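# Structure at a glance
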Amino acid sequence: MKQFPTDFLWGGAVAANQVEGAWQEGGKGLSTSDVQPKGIFGDVSDRKGHTFSLKDTAIDFYHRYPEDIALFSEMGFGILRVSIAWTRIFPKGDELTPCEAGLAYYDKLFDELAKHGIKAMVTLSHYEMPWHLVTEYGGWSNREVITFFERYAKVVFKRYAEKVKWWLTFNEINMSLHGPLTGVGLQDGCSESDVYKAIHHQLVASALVVRACHLLIPDAKIGNMLLGGLVYPLTCQPNDVFETLQENRKWLFFGDVQCRGTYPGYMLRYFRDKGIDVVITEEDKHILKQTVDFISFSYYMSGCVTADKALSKKIRGNILNMVPNPHLQASEWGWQIDPVGLRTLLNELWDRYQKPLFIVENGLGAKDQPDEQGQIQDDYRISYMNDHLVQVREAMEDGVDVLGYTSWGPIDLISASKGEISKRYGFIYVDRQDDGSGTLARTRKKSFYWYQEVIRTHGASL
Ligand code: BGP
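Throughout, residues of each chain are indexed from 1 in the direction in which the sequence is written. Residue-level local features of this predicted model are given only where pLDDT is at least 70; pairs of side-chain atoms are given and counted only at 80 or more, and the full residue set underlies all totals for whole chains, interfaces and linings.

### Regarding the nonpolar core
One nonpolar core equals one set of buried Ala, Val, Leu, Ile, Met, Phe, Trp, Tyr and Cys residues connected by C-beta atoms within 7 Å. Three exposure classes are used, all based on how many other C-beta atoms lie within 10 Å of a residue's own C-beta (placed from the backbone): buried at 20 or more, exposed at 12 or fewer, and partly exposed between those limits. If you look at the biggest cluster of nonpolar residues, it comprises 133 residues, and the most contacted ones within it are Ile84, Ala120 and Val122. Working definition of a contact: two residues with C-beta atoms, positioned from the backbone, lying within 7 Å. Residues in contact with Ala120, not counting those within four places in the same chain, are Leu80, Val82, Phe110, Leu113, Lys163, Val164 and Trp166.

Here is the structure:
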């Protein structure tokens, strides 16, 4: 296969709450993730008496990052996407002074990456926020949280200005529609108005920190991060086609605001029709004009939409309104595998926004079983990723500007939706099981050598 450009950024992506562990070390405060032991859709324990969670230790990246980064470097990574846990910097979220131990930890992490010539990409908020801001302020429903988030972002921009040149605001901001607690810090059972009000505050916060980043680190790039949910009409029935357009807009609305700097008419109509009352001030409108430099997104699957409500049954996955596509196979978790969909999505996002794109999550969650020699022969993962990367190359041939690709979970980590480790994504196996047992030892899977070769050959080996 033809090579990718030599400046294409290859790497992997992780999130603080899914790898670090050390949930009480270094002065860290309690985050929403710490009180959701079963993942982002699970029930909340408020940690009275402490409920065990795999995330308490996760894969102990907090202590083992030098070993893990050495392995990423061995694969040839040019970039690693991590997130900063807001609660390591501001344990409660509303303090005036940051926690030095938390800041120092990420200094060491970024220095270790630099030692190996790996760039850092940092998500400011990956599915978590200080729990104190939820209990005391009502999460993002409260405008004051914008100020706290901006303060946090400015602190880390200033501190890491020389070390981090790639930033993302909110992970999968469009998931705020589905994961009220994690995304927008609201309790279950809140109204749609509450959700959109909180989302508006997040969008304003996102634009404010884009502005702050441009001012404080002029040579950095800051992007948004969307769940790349591609949906097809189940049939060519016109109502199915229109329903699909509307479903697409539900998640693309976030991109429209972050890339075009204004609320689209279809959303304002939706608010009117549903009686949703979101206060958008003149100042907000002005702030929102600060748009992102590039668009980043995750892509795992596609799905179908039907206008026939009786037919519309849920499949398991991140995009909750999809019905299964009869032409596609699914992963063990029902996520339908669609490499061509990635080419379609890249083209659609490029046509819509004309901003550079970065695939910051893609991969296959699977239950890996070591063979008799203790090796993981994960040909299924290799085939999934190979097929997707071939389509990325096709999209680039179509003229789409793609900056890079960071696979999700290059090392096994705790699943966001399940809170378990048995849904594995890694090129590197971590000896830990769902019951918490295991030595945490790291082992290279077959896919480790496959990805190493892909990077070494700039994709020619695909
Ligand atoms: C995305 C999240 C990640 C990650 C991934 C896989 O939605 O941004 O945090 O976890 O999905 O999902 P899961 O862990 O549920 O398999």
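### Observations regarding unusual backbone geometry
The residue Ala22 is not glycine, and still its phi comes out positive at about 50°. Put simply, DSSP H or I for four residues or longer makes a helix, DSSP E for two residues or longer makes a strand, and each gets a number counted from the N terminus. Secondary-structure assignment places Ala22 in the loop between helix H1 (16–19) and helix H2 (61–75). Not every positive phi belongs to a glycine, and Leu440 is a case in point at roughly 70°. Taking the number of C-beta atoms within 10 Å as the measure of exposure, Leu440 has 14 and is therefore partly exposed.

### Topic: the UniProt feature "active site" (unreviewed entry) in the protein
Residues annotated in UniProt with the feature "active site" (unreviewed entry) correspond here to Glu361. If we skip the residues at most four places from it in the chain, Glu361 touches Ala13, Ser298 and Trp408. UniProt positions are given in the numbering used here, feature names are shortened, and annotations may be inferred rather than shown by experiment.

### Some words on the site of the ligand
Lining the immediate surroundings of the ligand are 15 residues, of which Glu172, Gly365, Ser415, Ala416 and Ser417 lie closest. Three categories are distinguished: nonpolar for Ala, Val, Leu, Ile, Met, Phe, Trp, Tyr, Cys and Pro, charged for Asp, Glu, Lys and Arg, and polar for the others, with Gly belonging to the last. Among the residues forming the shell around the ligand, the class breakdown is four nonpolar, seven polar and four charged. Whether a residue is near a molecule or strand depends on its C-beta atom, generated from backbone atoms, being within 6 Å of that molecule or strand.

### Thoughts on the pairing of strand E10 (residues 402–408)
Taken residue by residue, a regular strand's side chains alternate between the two faces of the sheet. Across the seven residues that make up E10, a large majority, seven, are buried. In this analysis, strands are considered paired if DSSP registers two or more bridges between them. Here strand E1 (residues 9–13) pairs with E10 via five bridges, running parallel. Looking at the pairing, Gly11 lines up with Thr406 of E10. Inspection of the sheet shows strand E9 (residues 357–361) paired to E10 by three bridges, in the parallel sense. For Leu357, the partnering residue across the bridge sits in E10 and is Val402. In this fold, the crossover linking E9 to E10 by way of helix H13 (residues 379–397) has right-handed handedness. Crossovers are marked right-handed if the path from the first strand over the helix to the second runs clockwise, as seen with the strands pointing away from the viewer.

### Some words on helix H10 (residues 265–274)
Taking burial as the measure, the ten residues of H10 include zero buried ones, a minor fraction of the element. At the C-terminal side of H10, Gly275 shows a positive phi close to 65°.

### Structural notes on the sheet that holds strand E4 (residues 166–170)
Read around the barrel, eight strands follow the order E1-E2-E3-E4-E5-E7-E9-E10 and close on themselves; strand pairing throughout is parallel. Within the sheet, the average angular offset between the axes of one strand and its neighbour, ignoring direction, is 25°. Comment: axis = line fitted to C-alpha atoms, over the contacting stretch for helices; angle = value between 0 and 180 degrees taken between N-to-C directions. Running over the sheet, helix H12 (residues 339–353) touches strand E7 (294–298), E9 and E10 and is turned about 140° from E9. Across the face of the sheet, H13 comes into contact with E9 and E10 while running at roughly 170° to E10.

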